[in-house]
Amino acid sequence: MKNRTNYKSKKRSSKSSLIIKVSLLLVASLVICVTAYAVYITKQAEHAVNSAHEELEGREVSSLREEKVKPVKDNVSILFVGVDDSENRGQGSENSRSDALILATLNNKTKTIKMLSIPRDSYVYIPNLGYEDKITHAHANGGTLSTIETVEGFLDVPIDYYVRMNFNAFIDVVDALGGIEAEVPYALHEKDEFDRNAINLQPGLQHLNGSEALALARTRKQDSDIERGKRQQEILTAIISKASSVESIAKYDDVIKALGDNMKTNMTFSEMKSFLSYLTQGMPRIDSLTLEGSDDMSTGVYYYKLNQESVDEISETLNNHLERDKTSTSLTNNNTDNDKDNAVNKDAQ
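My aim in this report is to walk through the structure given alongside it, one point at a time. (Residues numbered from 1 in each chain as written. Predicted model: local features only at pLDDT ≥ 70, side-chain atom pairs only at ≥ 80, totals over all residues. Heavy atoms only, no water.)

So, about the packing of aromatic side chains. The description of two aromatic rings rests on the distance between their centres and on the angle between their planes. Scanning the model with the defined rule gives three aromatic pairs in all. Here the aromatic rings of Tyr161 and Phe275 are separated by 6.1 Å at their centres, their planes lie at 90 degrees, and the arrangement is edge-to-face. Residue Tyr161 is found in strand S6 (residues 161–166), and its partner Phe275 is found in the loop between helix H9 (269–274) and strand S12 (285–290); the two are separated by 114 residues along the sequence. Of the two residues, Tyr161 and Phe275, both sit in the buried class. Aromatic side chains Phe275 and Tyr278 sit 6.4 Å apart centroid to centroid with 35 degrees between the ring planes, which places their arrangement in the tilted category. The class for Tyr278 is buried, based on a relative accessible area of 4%. Taken together, the aromatic side chains of Tyr161, Phe275 and Tyr278 make up a single cluster linked through ring pairs. Seen from the ring of Tyr278, Lys111 lies directly overhead, with NZ or CZ sitting 5.3 Å from the centre. A cation over an aromatic ring shows up here: Lys134 above the ring of Tyr303, its NZ or CZ 5.8 Å from the ring centre. (Phe/Tyr/Trp six-rings, centres within 6.5 Å; stacked < 30°, edge-to-face > 60°. Helix = DSSP H or I, 4+ residues; strand = E, 2+ residues; numbered from the N terminus. Buried < 20%, exposed > 50% of the residue type's maximum accessible area, 1.4 Å probe, protein only. Lys NZ or Arg CZ within 6 Å of the ring centre and 35° of its normal.)

Have a look at this one:
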């Protein structure tokens, strides 16, 4: 009887041991798979960023900086340049106009972002041309470097990094993330990226694919460039929000492939990885800013004349967020969230 009891006890022990071993094996296999996938994604991302890397000749650091910033410890700025280089419109990457310009400043201490949309028809001085014109013409007459110099010139804010992306990349990134949620302000009937009348959206919160998100970002038939700029900020925020969600981790491979040859940036892979710190606690706080101005048709050509007081306030807000003392061009200044900063943010909502 005692032997039978010992036998049953040993049998149960053997089964428990087997279950534990199998469980440990499964956990180990899962860890290996996750690690392997992380390594694969990292290598894919490094290859994509290296392919997209482009240094602008004669510009190692902004003339408004005393030294090159490091995103792992400094506050930095990024200029997002969206271009339509469709061959259907006979443009190409070199002579295309910038269709979207968004300047973002990132504060490394507070992990916050301020985002400014610059209307494409803003009437500003373009150094490469030597006269005032629509800011969209800066890219058409000098590419990314001309655009950066123009933005730095009228805002007096250093541009540390840029990301130039065409519409193909935008569409593919949104599709790779499984679409985004965005508010459609009115019934929208627009052309898609192939100039087909294929986009039809109803007002309200909608789940949009890449083509639909692009149409929403570009349209201005029923409102203005200012409202379009606000929509572009909202869409970019929605993309960041979706990309920072846990469910999107498995989609990063497709996102990286989507960028491929459709993006150019002066960021290195290690610099780009540094920005992941802004997502470690979920979606960062993003404050949207707007440049005030007025429509002008006095010359027979439409321009958006910027209000200089608004330009000055936005400039101060962004420089304060960068903690930059403009009088000394240093990287530190403790007036990050002063009353004027808050007032501008309130007006921009």
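Attention now goes to the sheet that holds strand S1 (residues 76–83). The sheet built from six strands is open, its strands ordered S11-S6-S1-S2-S3-S12 with mixed pairing. Edge positions in the sheet fall to strand S11 (263–265) and S12, since each has one partner strand and no second. Strand-to-strand twist across the sheet, computed as the mean angle between neighbouring axes with direction ignored, equals 20 degrees. As judged from the six bridges shared by S1 and S6, these two strands associate in the parallel manner. Pairing of Leu79 across the sheet is with Tyr162, part of S6. Across the face of the sheet, helix H4 (residues 143–155) comes into contact with S1, strand S2 (98–107), strand S3 (112–117) and S6 while running at roughly 130 degrees to S1. (Pairing = 2+ DSSP bridges. Axes fitted to C-alpha atoms, helices over the stretch in contact; angles between N-to-C directions. Contact = heavy atoms within 4.5 Å.)

Turning to the packing of helix H6 (residues 210–218) against helix H7 (residues 225–243), a few remarks are in order. Close contact between H6 and H7 brings their axes to 7 Å; oriented N to C, the two are set at 145 degrees. Across from Ala213, Leu216, Ala217 and Arg218 in H6, the residues of H7 making contact are Arg228, Arg231, Gln232 and Ile235. Tallied by class, the residues present in the contact of H6 with H7 amount to four nonpolar, one polar and three charged. (Nonpolar A, V, L, I, M, F, W, Y, C, P; charged D, E, K, R; others polar.)

Moving on: the packing of helix H5 (residues 167–176) against H6. Taken N-terminus to C-terminus, the directions of H5 and H6 make an angle of 125 degrees; their axes are 7 Å apart at the nearest point. Put simply, H5 runs oblique to H6. Here H5 and H6 pass one another in a crossing that is right-handed. Contact with H5, carried on its side by Phe167, Phe170, Ile171, Val174 and Asp175, involves Gly210, Ser211, Ala213, Leu214 and Arg218 of H6 and no other residues of that element. (Parallel < 35°, antiparallel > 145°, perpendicular 65-115°, else oblique. Left-handed = near helix turned anticlockwise from the far one by under 90°.)

So yeah, pure geometry; function would need other evidence.
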